[in-house]
Amino acid sequence: MNLADARAALRSARRIAVLTGAGVSAESGIPTFRDAQTGHWARFRPEDLASPGAYRRDPETVWQWYAGRYADVTRATPNAAHHLLAGLEREKGSGFFLATQNVDGLHARARSGSHGGRLVELHGNLSTARCETCGTVAPLPDPETFTPPPTCPVCASPMRPNIVWFGEYLPEDALEAASHAFRGAEVALIVGTSGVVYPAAGLALEAMGAGGVVIEVNPEATELTPYLSHSVRDTASRGLAALLEPDQPR
Ligand code: BV8
Ligand code: ZN
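Owing to the predicted nature of the structure, the values given are computational and were not obtained by experimental measurement. (Residues numbered from 1 in each chain as written. Chains lettered and ligands numbered in written order. Predicted model: local features only at pLDDT ≥ 70, side-chain atom pairs only at ≥ 80, totals over all residues. Heavy atoms only, no water.)

A. The nonpolar core, seen in detail. Core analysis: the biggest nonpolar cluster contains 25 residues, and V62, W63, Y66, L126 and W165 have the highest contact counts within it. Elements with a minimum of two residues in this core: helix 4 (52-57), helix 5 (59-75), strand 4 (124-131) and strand 6 (159-163). Mapping this core onto the domain boundaries places at least three of its residues in each of domain 1 (3-30 + 76-123 + 167-244) and domain 2 (39-75 + 128-163). Once residues within four sequence positions are removed from consideration, W165 is found in contact with L49, A50, S51, P52, Y55, V62, Y66 and R160. Counting 23 residues, the second-largest nonpolar core is a separate cluster that includes A177, F182, I190 and V214. (Core = buried A, V, L, I, M, F, W, Y, C linked by side-chain atoms within 4.5 Å. Buried < 20%, exposed > 50% of the residue type's maximum accessible area, 1.4 Å probe, protein only. Helix = DSSP H or I, 4+ residues; strand = E, 2+ residues; numbered from the N terminus. Domains from an automatic or database assignment. Contact = heavy atoms within 4.5 Å.)

Right, dumping it as structure tokens:
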């Protein structure tokens, strides 16, 4: 399959499923998950902070890390890649499904999920917290005024970041809906993910297994590349533009 075929498949598809990872937010200035942690965080590995064990051992440090990332993403803005995906949803309507592994909320800020399609955040999001006792999910206060840990508005217990950590289950309904969408997709787009984290990465293979066309957009080859129909070796914004923008008049 070449770029022209991939463009044609996207144009004619009625059902499209998209999986995004940290690479789609790289052009918004948000470091990808496996980038070297900057500054103060250089001495931590993300996997060592994003786990129930780390939170049990040292909730203050884990909350500090998340509060810092929450402030960063609140300052960031969606980039062309987020907007191109929102445009694709406007075109395909209810046939469009976007599953993101990102916790930065930028797809929602680009209004994905509000043009007739569906957006699910498979790994939670930085802007909310979840009560450890009653499970209430509540939005965090403005980053300027936020000092962790937040307390539950219902039962006053401490709240944890509303994030799916390694070794934790993804939200059942979101994963079920995503699996259904990828199995039923005529075309799946895999944008800006290294494809190493499961079960999210498995969605691409489910689409392939069900006979869908699966197209990756990533400046580098990934663990998924060998299994996919086509790879656009470019950044999310340039690669999506190459796939989605109307034919330039000759
Ligand atoms: C689960 C929230 C069932 C945290 C995240 C052994 C023991 C225990 C578990 C496992 C195990 N082996 C496998 C597992 C399962 C494990 C897993 O997959 N581990 C991996 C590391 C091997 N998965 C889990 O634990 C999941 N739960 O399986 O539950 C269970 C229950 C109990 C016991 C066992 C199993 C939970 C996974 C969710 C973890 N939480 N995030 C937080 O963010 O703080 S995952 C984390 O990685 C982020 O969410 C991130 O989204 C995700 C994937 O990373 P990517 O998004 O792909 O980012 P990455 O940096 O890797 O890559 C960036 C890509 O972008 C690169 O390819 C780069 O080339 C590209 N790029 C760069 N610039 C651009 C670009 N692309 C486009 N444009 C650009 N400009
Ligand atoms: Zn509570």
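Moving on from the model shown.
B. Layout of the coordination of the zinc ion (ligand 2). The coordination sphere of the zinc ion (ligand 2), as far as protein atoms go, consists of C131 (SG), C134 (SG), C152 (SG) and C155 (SG), spread over 2.2 to 2.3 Å. Seen from the zinc ion (ligand 2), its four donor atoms lie at angles of 100 to 123°, and the figure they make is tetrahedral. Of note, the donors binding the zinc ion (ligand 2) are all from one chain and are spaced C-x2-C-x17-C-x2-C. You can see C134 sitting in the loop between strand 4 and strand 5 (137-139) and its partner C155 sitting in the loop between strand 5 and strand 6, a full 21 residues away along the chain. The partly exposed category is assigned to C134, whose relative accessible area is 40%. According to the relative accessible area criterion, C155 is partly exposed, its value standing at 32%. (Donors = N, O, S within 2.8 Å, 3.2 Å for Na, K, Ca; no water. Tetrahedral: all angles 85-135°; square planar, octahedral: opposite > 155°, others 65-115°.)

C. Expanded view of the sheet that holds strand 7 (residues 187-191). With respect to topology, six strands assemble into an open sheet ordered 3-2-1-7-8-9, the strand pairing being parallel. Only two strands of the sheet have a single neighbouring strand rather than two, namely strand 3 (118-121) and strand 9 (230-232). Between one strand axis and the next, the sheet turns by 15° as a mean value, whatever way the strands run. Sheet topology note: the strand 1 (residues 16-20)/strand 7 ladder contains five bridges and is parallel. Paired with A17 across the strands is A188, a residue of strand 7. (Pairing = 2+ DSSP bridges. Axes fitted to C-alpha atoms, helices over the stretch in contact; angles between N-to-C directions.)

D. Representation of the domain arrangement of the protein. Taken domain by domain, the protein holds domain 1 (3-30 + 76-123 + 167-244) and domain 2 (39-75 + 128-163). Centre-to-centre, using C-alpha coordinates, domain 1 lies 27 Å away from domain 2. Counting residues at the interface gives nine residues for domain 1 and nine residues for domain 2. In this assembly, domain 1 packs against domain 2 so that about 640 Å² is buried in total across both faces, 49% of it on carbon and sulfur atoms. Salt-bridge contacts for R160 lead to E168; the nearest nitrogen and oxygen are separated by 2.7 Å. For the interface between domain 1 and domain 2, the tally reads four residue pairs in polar contact (both at pLDDT 80 or more). Considered class by class, the residues forming the side of domain 1 that touches domain 2 number four nonpolar, two polar and three charged. (Buried area = accessible area lost by both parts, 1.4 Å probe. Salt bridge = Lys/Arg side-chain N within 4 Å of Asp/Glu carboxyl O. Polar contact = N/O pair within 3.5 Å; in protein donor to acceptor, adjacent residues only side chain to side chain. Nonpolar A, V, L, I, M, F, W, Y, C, P; charged D, E, K, R; others polar.)

E. Inspection of helix 1 (residues 3-12) at higher detail. For helix 1, the complete set of buried residues consists of A6, R7, A9 and L10. Taken down its axis, helix 1 places every buried residue within 160° of arc, on the same side. The elements touched by buried residues of helix 1 are strand 1, helix 6 (80-92), strand 7, strand 8 (213-217), strand 9 and helix 10 (236-244). One side-chain oxygen of the residue at the start of helix 1 lies 3.0 Å from the amide nitrogen of A4, identifying that residue as N2. (Arc of directions from axis to C-beta.)

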